[in-house]
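Examination of the molecular architecture
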Amino acid sequence: MNKADILIGFMIGIFTSILGSYLFITFFTTFDISTGLETIRKQGYLGKVITLGTILDLAVFLILLKRNKELIARGVVLAVIVLAISTLFI
C-alpha cells in the first residue's frame, strides 16, 4: 500500500471540497467570497456549505475509479470522512 497515493487523494479531496464550497457561494449567493463566508458563519450554515462543497468529491472519486487509481480514490474517501466529522464540530 502506497501511502503517498492516499495522501495525494486526501489533498485532492480537500481541494475539491474547497473548490465546491467556493463555487456554491459564488453562484448561489449574492455575496462575494469573504462576505459570504462571514455571513454564512454568523448564521451557522458553514458546515452545511462545506458539506455541499463535497459533492464534487463524488465526481472525482468516480473518475479515479474509472482510471484504476484505487488508492488515490481511497484518499478522497478519507477526505470526505474527515470533512464530515469536522462539520459536526463547526
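Residues numbered from 1 in each chain as written. Predicted model: local features only at pLDDT ≥ 70, side-chain atom pairs only at ≥ 80, totals over all residues. Heavy atoms only, no water.

**What about the side chain of serine 17?**
The cut-off we apply is this: Put simply, DSSP H or I for four residues or longer makes a helix, DSSP E for two residues or longer makes a strand, and each gets a number counted from the N terminus. Think of it in three bands: with a 1.4 Å probe and only protein chains considered, a residue is buried below 20% of the maximum accessible area for its type, exposed above 50%, and partly exposed in between. In the analysis that follows, any N or O atom pair within 3.5 Å is treated as a polar contact, provided that within protein one partner can donate a hydrogen and the other can accept it, and provided that, for residues neighboring in sequence, both atoms belong to side chains. The contact criterion used throughout is that any non-hydrogen atoms of two residues lie within 4.5 Å.
Here serine 17 shows up in helix 1 (residues 3–28). Residue class for serine 17 comes out buried when judged on its relative accessible area of 4%. A polar contact is formed between the side chain of serine 17 and the backbone oxygen of glycine 13, at a distance of 3.0 Å. In contact with serine 17, other than residues within four places in its own chain, are Gly53, Thr54, Asp57 and Leu83.

**Examining the environment of asparagine 68**
When you line up the elements, asparagine 68 lands in the loop between helix 4 (55–66) and helix 5 (70–89). Separated by 13 residues in sequence, asparagine 68 and isoleucine 55 have C-alpha atoms that sit 21 Å apart.

**Some details on the packing of aromatic side chains**
Rules: Stacked, tilted and edge-to-face are the three classes applied to pairs of Phe, Tyr and Trp rings, where Trp contributes its six-membered ring and a pair requires centres within 6.5 Å; stacked means planes under 30 degrees apart, edge-to-face means over 60, and tilted covers the rest.
With the rule as written, the count across this model stands at 1 aromatic pair. Ring plane angle 40° and centroid distance 5.4 Å describe the contact between phenylalanine 24 and phenylalanine 28, whose orientation is recorded as tilted. With phenylalanine 24 and phenylalanine 28 both in helix 1, this residue pair falls 4 residues apart, about one helical turn. Taking relative accessible area as the criterion, phenylalanine 24 reaches 24% and is therefore assigned partly exposed. Look at phenylalanine 28 and you get exposed, because its relative accessible area is 64%.

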